Structures are given as C-alpha cells and as structure tokens.
Amino acid sequence: MAFLEDQYKNIKEALAQSNTTLVAVSKTKPHEAIVEAYKSGIKDFGENYVQELVEKSENLPKDIRWHFIGHLQTNKVKYIAPFVYLIHGVDSEKLLVEINKQGQKLNKKINCLLQIHIAQEETKFGLDETELKTILTKLPELEFINVMGFMGMASFTSEQTLIKKEFDYLKGIFDNSLGLSIANFNPSILSMGMSADYHLAVSCGSNMVRIGSLLFGERNKPEAKID
Ligand SMILES: *Cc1c(COP(=O)(O)O)cnc(C)c1O
C-alpha cells in the first residue's frame, strides 16, 4: 500500500499550468503512504471520516493541511475544529451554525466551502440555489466562519457531456458569487474534480482537485460509510 510517485508527477505536471491545488485524498490509507506523499512535497491531505482524521492529525507531521471532504455530522464538528484547515462539505445552515459555535469556543475563524448539489443523483449531498441564497443571507451573523468558496461532486457516470454540464453549472455559481460583498464570504476556491474527472474539472475552471485512488491505489473500504 504505497504512494504512486509516478502518478503524482503526471498530476503535478497537468496541474502546473492552471495553478490548481492538489488535495491528496488519503482516506482509509495508512500513515506510511501519507508520509511518502508528504516527503514528495504534498502538504494538503483530504479525509472523510472524523475519527480517522483526528487520529492521523495527531500522529503525522504538524504542518500538514487537513481537509475534511466527507459529509460532516454536527455532533462531530468539535473533534476537528481545533486543527482542520478547510471543511469542504458544508451543506446546511445547521452545520454552519455549529461550526461557527465551535470557532467561537476556539476564538478562531474556520475555513469552509459550501457544497452545491450538482449531480443528477438524489443521493449526493449539497445545497440547491435557494438554500445557497438563504445561507448567504445568514453568513454576516456567523463571524467565526470564513467561506472560501464552493465544492461539488459530479454524477458518477462516464458521460463526459453530463459531467461537463455539472461542472459548468458550478463554475457559473462561483463566478456569480465573486461580485457579492458579504461579510465572512471570501470566495477564491472552487473544489471540483476527482481521480476520474480532474482533467475535465480543471478545464471547466476548478482550482482545487481532490484525488485519491490515482495517487494511492484503489480503496477497499465501502464508500457509503458515514461517520
Ligand atoms: C473519496 C473522495 C474523493 C477522491 O476520490 P478518487 O476517485 O479516489 O480520487 C474526492 N472527493 C470526495 C468528496 C471523496 O469522498
């Protein structure tokens, strides 16, 4: 179970022209693989499971920037709030209010991305445009939140035209938001693209990709797990 150095070189090259940040998705992967990736120069790692993220953050290099990319339950925010660099999957006002509360306790602003529902599948998480509008009106009261942009996951399909349509839609939301002036809202990040679709995502304007299996090999744990 190792880090695929050659793949990393290819990805790095592909991302270099566009100034895109690579988040190495290390969920379910052992410490050794993360240390290898870290030694190759990766400083941003993404995890989906709270317990696993807390354990890894305690035992791996302190200058790693930990991204929480999974579905976050409100009662677990407190475990990651002290050290998390960016929470990608904020998909409800309730969750945002809880993150703000934990930020207040720590007296620090917590970086978040709003997850937008862009896929056809009902099962995927994320806000629709009406919910997004409502959340943006609440943001000025949430002074321990720093919303840095948006995250989205495209449909699980090989149909490139559909995926492109979904990425274009999210890029549109991102672009429109750049003109807004709202307290605690400082959009600069558009997190979209995974192993299978990151080239397309970057061509559609993504500036942060979340790549797991291409860097670390396939995972065997079931993806459906939520914690
Ligand atoms: C697991 C996961 C990824 C990485 O998926 P790969 O296909 O292995 O690159 C990216 N984003 C999210 C939200 C994930 O859960």
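Everything in this summary refers to the structure shown in the same document.

Calculation notes
- Residues numbered from 1 in each chain as written.
- Predicted model: local features only at pLDDT ≥ 70, side-chain atom pairs only at ≥ 80, totals over all residues.
- Heavy atoms only, no water.
- Salt bridge = Lys/Arg side-chain N within 4 Å of Asp/Glu carboxyl O.
- Helix = DSSP H or I, 4+ residues; strand = E, 2+ residues; numbered from the N terminus.
- Buried < 20%, exposed > 50% of the residue type's maximum accessible area, 1.4 Å probe, protein only.
- Near = heavy atom within 4 Å.
- Polar contact = N/O pair within 3.5 Å; in protein donor to acceptor, adjacent residues only side chain to side chain.
- Areas by Shrake-Rupley, 256 points an atom, 1.4 Å probe, with all protein chains shown as cover.
- Nonpolar A, V, L, I, M, F, W, Y, C, P; charged D, E, K, R; others polar.

A few points about the pattern of salt bridges
- For the structure shown, the criterion picks out 7 salt bridges.
- A salt bridge links E52 to K56; the nearest nitrogen and oxygen atoms lie 2.7 Å apart. Of the two residues, E52 and K56 both sit in helix α3 (residues 50-59), 4 residues apart, roughly one turn of that helix.
- Exposure remark for E52: the relative accessible area of 14% places this residue in the buried category.
- It is possible to trace a salt-bridge network through shared partners that takes in E47, E52 and K56.

Observations concerning unusual backbone geometry
- Positioned with a positive phi, N19 is a non-glycine residue whose angle comes to about 60°.
- With a relative accessible area of 69%, N19 lands in the exposed category.
- In the Ramachandran plot, N184 falls in the positive-phi region, its phi being about 70° despite a non-glycine side chain.
- Here N184 lies in the loop between α7 (160-177) and β7 (185-191).

A look at the site of the ligand
- Neighbouring residues of the ligand: 14 residues in total, closest K27, S195, G212, S213 and R219.
- The side chain of N48 places a nitrogen or oxygen atom 2.9 Å from an oxygen atom of the ligand.
- In the model, an oxygen atom of the ligand is placed 2.7 Å from a nitrogen or oxygen of the R219 side chain.
- When isolated, the ligand has an accessible area of 390 Å², and the protein chains bury 92% of it.
- The residue inventory of the shell around the ligand, partitioned by class, reads 6 nonpolar, 4 polar and 4 charged.

Read these as spatial facts, not as claims about activity.
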